[in-house]
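Here are the chains, one letter per residue:
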Amino acid sequence: MNLYFRLFWLLLWRMRHARSIDFLEVSRLAFRAWPTDCDINMHLTNARYPALMDLARTFMLAEMGLLKPFLQRKWLPIVNASEFTFIRDIKPLRKFHVETRILGWDEKYFYIEQRFVSDRGLHAIANVRGLFVCKGRKIATTELLQAAQYQGDMPELADDVLTWKQLLQSKKQQNLS
């Protein structure tokens, strides 16, 4: 339930006071690990990370000035794959940020990095592969970049992201056979 409160807070308050960032700039959204976010090990439960990442990606779109135009077009974001590396736990009541940035894209997907950071340092890193759809139709990357008015070069994906991309393709092929 507290994620609904966070979503309403994000939509009604935080986005109105969001800074403006460029398409490839890092977005930072602050959180606190409430006791309801934690498990019996007294740290942020693994299931909470993806939910907070959803909010952080929504906030990134708002900071880019793209959330409203994309919603008006009825473009909905879809996560296709994600992978996590947990480094250190986030204890109850600890303040932390989720830093979100676009790493790059290909003809179908966008690749996004999300980092959980506090004054104790880095807690987790996650990579997300996603796309936008509208009424069952995949929005072409070129169409999305045009709507975002992005005219720069496509960043080169890091080797670890390319390896992950190849792994995902391999898993898909193995399971479709």
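Notes on the structure follow. Within every chain, residues take consecutive numbers counted from 1 along the sequence as written. Local features in a predicted model are, by the rule used here, given only for residues with pLDDT of at least 70; side-chain atom pairs are given and counted only at 80 or more, and totals for whole chains, interfaces and linings are based on all residues. Where side-chain values are given, they derive from all heavy atoms of the structure, hydrogens and water being excluded.

**A few points about the overall build of the protein chain**
Reasoning step 1: Along the backbone of the protein chain there are five helices and six strands.
Reasoning step 2: Counting from the N terminus, the helices are DSSP H or I runs at least four residues long and the strands are E runs at least two residues long. Seen in sequence order, the protein chain has helices and strands lined up from the N terminus as α-β-α-α-β-β-β-β-β-α-α.
Reasoning step 3: In this setup the radius of gyration rests on C-alpha atoms only. A globule is expected at 2.2 Å times the number of residues raised to 0.38. By the compact-globule yardstick of 16 Å for 177 residues, the protein chain fits well, its C-alpha radius of gyration being 17 Å.
Reasoning step 4: With the principal axes as the frame, the protein chain shows a C-alpha extent of 40 × 40 × 30 Å.
Reasoning step 5: Each of the 177 residues in the protein chain was classed as buried or not, and the buried ones make up 42%. Burial status follows relative accessibility: with a 1.4 Å probe on protein chains alone, a residue under 20% of its type maximum counts as buried, one over 50% as exposed, and anything between as partly exposed.

**Some details on the packing of aromatic side chains**
Reasoning step 1: Note on aromatic contacts: the rings of Phe and Tyr and the six-membered ring of Trp form a pair at centre separations within 6.5 Å, being stacked when their planes are under 30 degrees apart, edge-to-face when over 60 apart, and tilted otherwise. All told, the structure shown has 13 aromatic pairs when counted by the stated rule.
Reasoning step 2: Ring centres of Y49 and F116 lie 4.7 Å apart, and the angle between their planes is 65°; this geometry places the pair in the edge-to-face category. Placement of Y49 in helix α2 (residues 48-63) and of F116 in strand β4 (residues 110-118) is noted, with a sequence separation of 67 residues between them.
Reasoning step 3: Under the relative-accessibility criterion, Y49 is labelled buried at 2%.
Reasoning step 4: Given a relative accessible area of 0%, F116 falls into the buried group.
Reasoning step 5: These aromatic residues form a ring-pair network of at least three members: F31, Y49, F84, F86, F96 and F116.
Reasoning step 6: Directly above the ring of W34 sits R32, whose terminal nitrogen or CZ lies 5.8 Å from the centroid.
Reasoning step 7: R129 extends its terminal NZ or CZ atom over the ring of Y109, reaching a point 4.0 Å from the ring centre. Charge-over-ring contacts are defined here by two conditions on Lys NZ or Arg CZ: a distance within 6 Å of the ring centre and an angle within 35 degrees of the ring normal.

**Looking at the environment of A140**
Reasoning step 1: Relative to the helices and strands, A140 resides in the loop between β6 (137-138) and α4 (141-147).
Reasoning step 2: A sequence separation of eleven residues divides A140 from R129, and the C-alpha atoms of the two residues are 15 Å apart.

**Comments concerning the layout of surface pockets**
Reasoning step 1: Here a cavity is any set of points on a 1 Å grid over the protein atoms alone where a 1.4 Å probe fits but cannot get out, and a pocket is any open set with protein on both sides within 12 Å along at least 5 of 7 lines; a residue lines the site when it has an atom within 4 Å of a point. Grid points are joined across faces, edges and corners, and a volume is the space filled by probe spheres set on the points. Empty space within the largest pocket amounts to approximately 290 Å³.
Reasoning step 2: The wall of the largest pocket is formed by 20 residues, among which R57, L61, P77, I112 and F132 lie closest to the centre.
Reasoning step 3: Elements represented by at least two residues in the lining of the largest pocket include exactly α2, β2 (76-86), β4 and β5 (121-134).
Reasoning step 4: Looking at which element gives the most residues to the lining of the largest pocket, the answer is α2, with five residues.
Reasoning step 5: Each residue is assigned to one class: nonpolar for Ala, Val, Leu, Ile, Met, Phe, Trp, Tyr, Cys and Pro, charged for Asp, Glu, Lys and Arg, and polar for all the others, Gly among them. The class makeup of the residues in the lining of the largest pocket is 16 nonpolar, two polar and two charged.

**A look at the nonpolar core**
Reasoning step 1: Counting residues in hydrophobic clusters, the biggest one holds 38 residues, and the most contacted among them are F23, F70, W75, F96, I102 and F116.
Reasoning step 2: Listed by contribution, the elements that provide at least two residues to this core are β1 (27-32), α2, α3 (67-72), β3 (95-105), β4, β5 and α4.
Reasoning step 3: A total of eight residues in this core trace back to one element, the largest contributor, which is α2.
Reasoning step 4: Here, nonpolar core means buried Ala, Val, Leu, Ile, Met, Phe, Trp, Tyr and Cys residues that are tied together by side-chain atoms lying within 4.5 Å of each other. Counting ten residues, the second largest nonpolar core, distinct from the first, contains L131, V133, L157 and L168.

**Things to note about the pattern of salt bridges**
Side chains carrying opposite charge are able to pair once their charged atoms draw close together.
Reasoning step 1: Put simply, a salt bridge is a Lys or Arg side-chain nitrogen that is within 4 Å of an Asp or Glu carboxyl oxygen. Applying the stated criterion across every chain yields a total of nine salt bridges.
Reasoning step 2: Of the charged contacts, one joins D89 and R120 as a salt bridge, the two residues approaching to 3.6 Å between their closest N and O atoms. Taken together, the residues D89 in the loop between β2 and β3 and R120 in the loop between β4 and β5 connect sequence positions 31 residues apart.
Reasoning step 3: Residue classification places D89 among the partly exposed residues on the basis of a relative accessible area of 23%.
Reasoning step 4: Look at R120 and you get partly exposed, because its relative accessible area is 36%.

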